[in-house]
Amino acid sequence: MENCSLDTRKADGEKDILILAVESSCDETAASVVKNGRTVLSNIISSQIELHKLYGGVVPEIASRKHMEKINQVIEEALSGAGVELSDLDAIGVTYGPGLVGALLVGVAEAKAIAYGAGLPLVGVHHIEGHVSANYIENPDLEPPFLCLIVSGGHTHLVIVKDYGEFEILGRTRDDAAGEAFDKVARAIGLGYPGGPKIDRLSREGNADAIVFPHGKISGSPYDFSFSGLKSAVLNYLNSARMKGENVDAADLAASFQKAVVDVLVEHTMLAAGDYHMDKIAIAGGVAANGSLREAMKKACRDRGYRFYYPSPVFCTDNAAMIGTAAYYEFIRGVRHGWDLNAVPDLKLGQR
Amino acid sequence: MKILGLDSSGMVASVALVEDDTLLGEYTVNYKKNHSQTLLPMLDEIVKMTELDLASIDGIAVAAGPGSFTGLRIGSATAKGLGLALKKPLIPVPTVEALAYNLYDTQGLICPIMDARRNQVYTGIYRFREHCLVTVKDQMAVSIEELLRLLNELGESVTFLGDGVPVFRERILELGSFPCSFAPAHVNRQRGAAVAALGLEYFRAGKTESAAEHSPDYLRVSQAERERAERERRAAAADPSGKGERSL
């Protein structure tokens, strides 16, 4: 039993930092063990998506109940998968917002009790900071500052990551999140939930130039986004075709809609990169897994000589590894939360 | 034998530590529903004040439902996290039964009522026989009228308690044809001590479960599930051939 801790010391004498992270902000119950903020030792995700498909979207009460049923198993699997015990850890990280309050509360209460019971420090993590941090996992060379486009079912933000945990928000959506627009259009075409992957797949068979949809712009706020006009244009197009008894080519419609979204996301990102002289561009969030967005962003960055960073799809959608990464940078900055940490469903980016 | 008791099923948040026949500490607040912020700090206070080594507890008893869905989850997730970290079993104690246990050896029937909204109460009917709590009617979600009909049929004296009392007291006096009384302040709401003491009985009887398998017993499905079942029932009624795509 002597000097076990020496085994985990790095060559330079610095001890490894091991963090267990828990994420339950929406419909994924997830836990992960992350070493030194960048090495993922385990990444367990229990998705409820099949269940919520029955309702055409995430039902908060059902999501909360399912988190309760799965959370200990997911955490235990993350620990055993990483080959660690709670006593090997340095801290527990947990998403405390934004998200569904009931769902968040399960992870927060659980993580607090584990930290308390195991005598470990607790680090609350902002879910969107987690998404941004997903880029650190597979890109060891990526360090702030960089420009990051965050696009998911609930969020659309264009931010400068000035330092770890430090953000300047340049733009945000004025209405629907990008992922929300995907879900609504997918429902209108009859593709079901979740819309993003389904539209992405169908678009590959369609002509993206078949229908010209409006590109949402906010006058005076060149980095902000608006997707509700685009969504309405798609719905109007469908209605008018139905009234005229015309057939709609769903693949063309999906591809044209997706192009309108992707064009705006890429245009605004490139505009901000030029204005703020950023040459490192990253994307994050569930919609960052969209094939068309990744291709378009890659090309735009290549044309301008920017470095482009993007997480693997498994780190784009909700996961706890990204929370572990974000928790690590908070932890080394000295951030600790008390046993009164609460879930904050509308936690703002950069809010502490 | 040391049992920790947690109850955050209603407005009350309560943490208690019971060792055999002794209550070592209890922290009960019936103020605001911010249990996510208060429950663990309350436990921390008990641990400090009683100089408790958490590893020395034998089990974690938790009010396991019914109650506020969110409140139940805060209590259960706290218990599950503690159980995972301390490698201790959980003891799910039915909320209504723990409420009844407050009134040890009371004569006649004991009827806890919790306001369950939607014109219902979470309730159950209990009595003590030879110093043991006996379930006359297991915990359930029913209308106050249905409960009073049951109690009228039983025709015995009843002691009421719980946060449903202030809401339904007049109704009880109006519709009840049995002698009744209402429990006083110190024993008329959820108490961690009752959860822990009854939890100790459960523990001795081997009624425990692992922290991983524990989930609250809500007594109700979610609104979305209820509405979906309703839609399917209507669809089935509209299509009596049973050849519709959806079936029950």
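Residues numbered from 1 in each chain as written. Chains lettered and ligands numbered in written order. Predicted model: local features only at pLDDT ≥ 70, side-chain atom pairs only at ≥ 80, totals over all residues.

A. Highlighting the overall build of chain B. From N to C terminus, chain B includes 7 helices and 10 strands. For 248 residues, the compact-globule estimate of 2.2 N^0.38 gives 18 Å, and the C-alpha radius of gyration of chain B, at 20 Å, lies within 12% of that figure. A separation of at least 24 residues holds for 70% of the contacts in chain B among residues at least 6 apart in sequence. (Helix = DSSP H or I, 4+ residues; strand = E, 2+ residues; numbered from the N terminus. Rg over C-alpha atoms; globule rule 2.2 N^0.38 Å. Contact = placed C-beta atoms within 7 Å.)

B. Highlighting the nonpolar core. Among the nonpolar cores identified, the biggest contains 173 residues, and Val195(B) and Ala196(B) are the most heavily contacted of them. Here this core gets 12 residues from one element, more than from any other, and that element is helix α8 (residues 250–275) of chain A. (Core = buried A, V, L, I, M, F, W, Y, C linked by C-beta atoms within 7 Å. Buried ≥ 20, exposed ≤ 12 C-beta atoms within 10 Å, placed from the backbone.)

C. Structural view of the interface of chain A and chain B. Taken together, the contact between chain A and chain B spans 32 residues of the former and 28 residues of the latter. Sorting elements by how many residues they give to the side of chain A that touches chain B places helix α3 (residues 101–118) of chain A first, with 13 residues. For the side of chain A that touches chain B, the residue count by class is 19 nonpolar, 6 polar and 7 charged. (Nonpolar A, V, L, I, M, F, W, Y, C, P; charged D, E, K, R; others polar.)

D. Molecular detail of the environment of Leu173(B). Its place among the elements puts Leu173(B) in helix α5 (residues 165–175). For Leu173(B), a count of 10 C-beta atoms within 10 Å puts it in the exposed group.

E. How the structure looks around helix α4 (residues 144–154) of chain B. Residue and element names in this part refer to chain B. Those residues of α4 that sit buried are Ile-144, Leu-147, Leu-148 and Leu-151. Burial along α4 is one-sided: seen end-on, the buried residues are contained in an arc of 95°. Opposite the buried face of α4, by more than 90 degrees, sit the exposed residues Glu-145 and Glu-153. Each element contacted by the buried residues of α4 is listed here: β6 (109–115), β7 (121–129), β8 (132–142), β9 (158–161) and α5. Looking one or two residues beyond α4, the residue adopting positive phi is Gly-155, at roughly 65°. (Arc of directions from axis to C-beta.)

F. Up close: the packing of helix α6 (residues 195–203) of chain A against α8(A). All names here are of chain A. One way to put it is that α6 packs onto α8 with a least axis distance of 8 Å and a crossing angle of 115°. Regarding the angle of α6 to α8, the classification is roughly perpendicular. For the crossing formed where α6 meets α8, the hand is left-handed. Here α6 contributes Ile-199, Leu-202 and Ser-203 to the contact with α8, which in turn contributes Ala-250, Ala-251, Ala-254, Ala-255 and Gln-258. Classifying every residue of the contact of α6 with α8 by side-chain character gives 6 nonpolar, 2 polar and no charged. (Axes fitted to C-alpha atoms, helices over the stretch in contact; angles between N-to-C directions. Parallel < 35°, antiparallel > 145°, perpendicular 65-115°, else oblique. Left-handed = near helix turned anticlockwise from the far one by under 90°.)

G. Main features of the domain arrangement of chain A. Residue and element names in this part refer to chain A. Here chain A is described as being made up of domain 1 (4–133 + 317–332) and domain 2 (142–311). One C-alpha centre belongs to domain 1, the other to domain 2, and the line joining them spans 28 Å. Each partner contributes residues to the interface: domain 1 has 12 residues there, and domain 2 has 17 residues. Of all elements in the fold, only α1 (49–53), α4 (127–138) and α11 (321–332) reach the threshold of two or more residues within the side of domain 1 that touches domain 2. Grouping the constituent residues of the side of domain 1 that touches domain 2 by class yields 4 nonpolar, 5 polar and 3 charged. (Domains from an automatic or database assignment.)

H. Quick peek at the confidence of the model for chain A. Averaged over all residues, the pLDDT of chain A is 94; the fraction at 70 or higher stands at 96%. Low pLDDT, under 50, characterises residues 1–11 of chain A; the predicted model gives this stretch 4 contacts beyond four residues in sequence or across chains. (pLDDT = per-residue confidence, 0-100.)

I. Spotlight on the sheet that holds strand β2 (residues 12–19) of chain B. Residue and element names in this part refer to chain B. Across the sheet, which stays open at both edges, the 5 strands sit in the order β3-β2-β1-β4-β5 with mixed pairing between neighbours. The open sheet has two edge strands, β3 (22–30) and β5 (90–93), and neither has a second partner. Between one strand axis and the next, the sheet turns by 15° as a mean value, whatever way the strands run. Where strand β1 (residues 2–7) and strand β4 (residues 59–63) come together, 4 bridges link them in parallel fashion. Its bridge partner lying in β4, Ile-3 is registered against Gly-59. (Pairing = 2+ DSSP bridges.)

J. Representation of the domain arrangement of chain B within the structure. Residues and elements named next belong to chain B. What the domain assignment reports for chain B is domain 1 (2–95 + 190–219) and domain 2 (103–187). Averaged C-alpha coordinates put domain 1 and domain 2 at centres separated by 24 Å. Taken together, the 6 residues of domain 1 in the interface contact 6 residues of domain 2. In terms of residue class, the side of domain 1 that touches domain 2 is made up of 4 nonpolar, 2 polar and no charged.

K. The pairing of β6(B), seen in detail. All names here are of chain B. For β6, a buried count of 6 out of 7 residues is recorded, marking the element as mostly surrounded by other parts of the structure. Sheet topology note: the β6/β9 ladder contains 4 bridges and is parallel. Residue Ile-110 lies in a different strand from β9, and its bridge partner there is Thr-159. Here 4 bridges tie β6 to β7, and the two strands are oriented antiparallel to one another.

L. Spatial organisation of the sheet that holds strand β1 (residues 18–23) of chain A. Residue and element names in this part refer to chain A. Across the sheet, which stays open at both edges, the 5 strands sit in the order β3-β2-β1-β4-β5 with mixed pairing between neighbours. Every other strand in the sheet has two partners, leaving β3 (39–47) and β5 (122–126) as the edge strands with one partner each. Strand-to-strand twist across the sheet, computed as the mean angle between neighbouring axes with direction ignored, equals 20°. Strands in contact with helix α2 (residues 60–82) are β1, β2 (28–35) and β3; relative to β2, the strand with the most contacts, it is inclined by about 20°. Contacts from α11 reach β1, β2, β3, β4 (91–97) and β5 within the one sheet, and its direction differs from that of β1 by about 130°.

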